[in-house]
Amino acid sequence: MNLIKTTLFFITTLIVNYNVKATNYFVSNTGNDSNNNGLTISTSFLTLQHASDLLVAGDTVFVENGTYAGFDIRNQNGTNGNPIVFKALGANVIINQSGPIRNDGINIENADYIIIDGINANNMPGNGNGIRVVLADNCIVRNCSCGNNAERGIFTAFTDDILIENNVCTNSIDEHGIYVSNSSDRPIIRYNECYGNNGAGIHMNGDLSAGGDGIISDAKVYGNILHDNNGAAGINMDGLQSPTVYNNLIYNNHFSQGIAVFSQDGAITTNSAKIYNNTIIVPTDGRWGILVKDGGNINTQVYNNIIINNHAWRGCIAVENESQFTSDYNILNDKMNNTGDGSSITLSAWQALGFDNNSILANSMSSIFVNSTTGDYHLTSGSQAINIGTSLVSSIVTDDIDGIMRPNNSTFDIGAYEFVHNNVSIETNSSNDLMVFPNPSSDYFILNYEATQNITSIRLIDVNGKIIKVFNANKNIDVTDINSGIYLLQIEINNN
């Protein structure tokens with residue numbers, strides 16, 4: 001009788017692929033703008049602006065480590081298949097002077113399909129931003145660092161389908177780490193770290209007064225780490241329709257909400273928000289963990305969050321209007337509110353109103369997290385957050401902030417981090433289990449099984465059911481030639 005067992009398996013080998021088309025230009029501190037073409041490092045240009053002025057769809061500017069003045073790119077468009085790319089060739093490509101027109105380090109204006117990758121833009125003066133993207137669609141800002149800028153780290157306005165990922169935005173003097181504004185639909189803000197900013201970590205505002213419909217639709221904000229900011233909220237949402245906010249770690253933000261759902265300049269009150277699997281720790285000088293203003297309650301869902309508030313009386317969730325608001329499967333303090341930013345009520349009183357019936361009171365942080373005093377909010381072994389979440393989030397939350405599959409065990413964990421059960425056990429019809437570890441894997445994985453288990457086939461299958469590779473029945477399996485991704489490991493035992 002054939003016995004086939006399967007398990008979900010991850011390979012995390014990093015594959016970086018740049019599809020470079022058209023012309024490649026080079027910029028370096030040893031270059032010269034009088035060079036004929038800038039097509040090699042030895043004939044590179046000196047300034048980013050000179051290279052920028054030459055670009056058409058598909059062109060790439062490779063930038064050597066060094067310090068540079070900023071640049072302005074306007075009315076030059078890439079396309080879906082051929083973006084215009086600025087790519088740092090090292091970790092120390094630094095813009096420390098503003099561009100020729102504005103005080104920003106990088107200004108992208110009336111220019112679609114532009115990618116900025118790996119460039120640091122610091123210390124912009126006056127009203128300057130590290131990186132500014134306005135009236136520009138389908139742009140990407142990734143792997144950049146923006147610190148100590150006069151206004152904001154990254155600022156965008158009227159930017160549909162912008163992707164902001166893997167950036168570090170710190171110590172903005174006036175406002176926020178990342179600010180997406182002015183009717184920018186479908187933004188994705190993910191895997192960024194924002195700290196030390198005078199305003200919010202991430203601020204989104206529909207800005208009706210600036211034109212457009214004043215609504216930011218379908219924003220996705222996930223995997224961000226937002227800490228030690230000094231105003232508004234870790235994540236501030238003004239005038240958003242149907243945002244999804246999940247897997248964010250938000251802690252130690254002063255004079256701030258963890259997540260704020262409201263209307264000030266937006267055309268609507270942010271509503272239909274899905275707030276899932278966040279870890280929110282509010283300090284003694286903070287405000288509410290999640291604040292939902294009247295209108296924001298409509299179809300808003302709050303599931304699988306850890307919300308711990310150290311303020312004297314402010315607490316975990318405050319809602320001005322209870323109608324159509326749902327909240328459950330959270331870990332909370334005994335401080336809630338159903339009338340807005342006022343005195344708190346107990347969790348049991350909150351549950352009597354129909355909320356959080358499956359939620360529980362938080363134990364000590366030392367029993368929940370690995371080390372909260374050092375900012376390590378991974379779940380510790382035996383944490384009360386393990387295996388008590390709901391799968392109602394599963395259509396959106398498929399992994400955690402580290403990219404670990406959810407659920408990693410039988411049931412969803414609560415908070416931004418899933419507890420990692422390294423060994424995956426595959427039950428067989430014998431008394432001996434077959435073990436697969438580590439999972440996630442890189443380079444190789446190990447099968448641990450008894451000799452009595454006659455493994456006759458090992459197949460790696462992708463999520464579409466395609467067989468990627470067939471392995472010999474060895475205990476050490478090499479996967480260095482397999483692209484990173486999520487796979488099904490199919491193991492056939494005793495085919496006779």
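Above this text sits the structure in question.
Conventions adopted
- The residue numbering used here restarts from 1 in each chain and proceeds along that chain's sequence as written.
- Only residues with pLDDT of at least 70 are given local features in this predicted model, and only at 80 or more are side-chain atom pairs given and counted; all residues enter the totals for whole chains, interfaces and linings.
- Each side-chain value is derived from all of the structure's non-hydrogen atoms; neither hydrogens nor water enter the calculation.
- Each helix is a run of H or I in the DSSP string that is no shorter than four residues. Each strand is a run of E no shorter than two, and both are numbered from the N terminus.
- The classification of residues rests on relative accessible area computed with a 1.4 Å probe and restricted to protein chains. Under 20% of the type maximum is buried, over 50% is exposed, and intermediate values are partly exposed.
- Contacts were defined at the residue level, with two residues in contact if any of their heavy atoms lie within 4.5 Å.
- The accessible surface values rely on the Shrake-Rupley method and a 1.4 Å probe; as for residues, cover is taken only from the protein chains in view.
- For the purposes of these results, a polar contact is taken to be a pair of N or O atoms within 3.5 Å, where, inside protein, one atom must be able to donate a hydrogen and its partner to accept one; residues adjacent in sequence count only when each atom of the pair is a side-chain atom.
- Centre distance within 6.5 Å is the pairing criterion for rings of Phe, Tyr and Trp, where only the six-membered ring of Trp is used; planes under 30 degrees apart are then read as stacked, over 60 as edge-to-face, and the remainder as tilted.
- Here, over-ring charges are defined by two tests on the NZ atom of lysine or the CZ atom of arginine: distance to the ring centre within 6 Å, and angle to the ring normal within 35 degrees.
- The rule for pairing is simple: two strands pair if DSSP sees at least two bridges between them.
- Take a side-chain nitrogen of Lys or Arg and a carboxyl oxygen of Asp or Glu: if they are within 4 Å of each other, that pair is a salt bridge.

1. A short note on the overall build of the protein chain
At step 1: In terms of regular secondary structure, the protein chain is built from three helices and 47 strands.
At step 2: Counting the 496 residues in the protein chain, one finds 54% classified as buried.
At step 3: For the protein chain, the share of sequence-separated contacts (at least 6 apart) that also reach a separation of at least 24 residues comes to 67%.
At step 4: By element, 45% of the accessible surface of the protein chain is carried by carbon and sulfur atoms, the whole surface being about 19300 Å².

2. Focus on the environment of H254
At step 1: Tracing the sequence through the fold places H254 in the loop between β27 (249–251) and β28 (256–262).
At step 2: Given the relative accessible area of 19%, H254 is considered buried.
At step 3: Through-space distance from the C-alpha of H254 to that of P283 is 6.8 Å; in sequence the pair is 29 residues apart.
At step 4: Excluding its chain neighbours within four sequence positions, the residues that come into contact with H254 are D228, N229, N230, G231, P283 and D285.
At step 5: A distance of 3.4 Å separates a polar atom in the side chain of H254 from the backbone oxygen of N252.

3. Quick look at unusual backbone geometry
At step 1: Each neighbour pair has its own omega, and for R406 with P407 the value is -15°, a cis peptide bond.
At step 2: Counting through the fold element by element, P407 comes out in the loop between β40 (376–379) and β41 (424–426).
At step 3: Of note, Y113 is a non-glycine position whose phi angle comes to about 55°, a positive value.
At step 4: Checked against the element boundaries, Y113 lands in the loop between β8 (106–109) and β9 (114–117).
At step 5: Phi at D207 takes a positive value of approximately 50°, unusual for a residue other than glycine.
At step 6: As for its position among the elements, D207 is in the loop between β20 (202–205) and β21 (216–217).

4. Here's the deal with the packing of aromatic side chains
At step 1: According to the stated counting rule, one finds 11 aromatic pairs in the structure shown.
At step 2: Residues Y276 and Y303 carry aromatic rings whose centres are separated by 5.7 Å and whose planes lie at 15° to one another, so their mutual orientation is stacked. Taken as a pair, Y276 in strand β29 (residues 274–276) and Y303 in strand β32 (residues 301–303) lie far apart in primary sequence, 27 residues in all. Assigned by exposure class, Y276 and Y303 land together as buried.
At step 3: When the ring of F369 is compared with that of Y377, the centres are 4.9 Å apart and the planes differ by 80°; the resulting orientation is edge-to-face. As far as burial versus exposure is concerned, F369 and Y377 are alike and both buried.
At step 4: One aromatic cluster in this structure is built from Y191, Y222 and Y246.
At step 5: We note R152 situated over the ring of F155; from NZ or CZ to the ring centre the distance is 4.2 Å.

5. Some remarks on the sheet that holds strand β24 (residues 232–238)
At step 1: Read across the sheet, 11 strands follow the order β5-β8-β11-β14-β17-β20-β24-β28-β31-β34-β37 without closing on themselves; strand pairing throughout is parallel. For this open sheet the edge positions go to β5 (71–74) and β37 (336–337), each flanked by a neighbour on one side alone.
At step 2: The pairing of β5 with β8 spans four bridges and is classified as parallel. From the neighbouring strand, I73 faces β8, where its bridge partner is I108.

6. What about the pairing of β20?
At step 1: Side chains I202 and M204 project from β20 onto one buried face, and the interleaved H203 and N205 project onto a second face that is buried too.
At step 2: Relative to β24, β20 runs parallel, the two sharing four bridges. Each bridged residue has a counterpart across the sheet, and for M204 the counterpart in β24 is M237.

7. Here's the deal with the pattern of salt bridges
At step 1: Overall, the coordinates contain 13 salt bridges when judged by the stated rule.
At step 2: Here R142 makes a salt bridge to E165, at a shortest N to O gap of 2.7 Å. With R142 in strand β12 (residues 140–142) and E165 in strand β15 (residues 163–165), this pair connects stretches of sequence that are 23 residues apart.
At step 3: For E165, a relative accessible area of 7% translates into the label buried.
At step 4: When the shortest N-O distance is used, the salt bridge between R152 and E175 registers 2.8 Å. Here R152, found in the loop between β13 (145–147) and β14 (154–157), pairs with E175, found in the loop between β16 (168–170) and β17 (178–181); they are 23 residues apart in sequence, far enough to count as distant.
At step 5: R152 gets classed as buried once you look at its relative accessible area, which sits at 12%.

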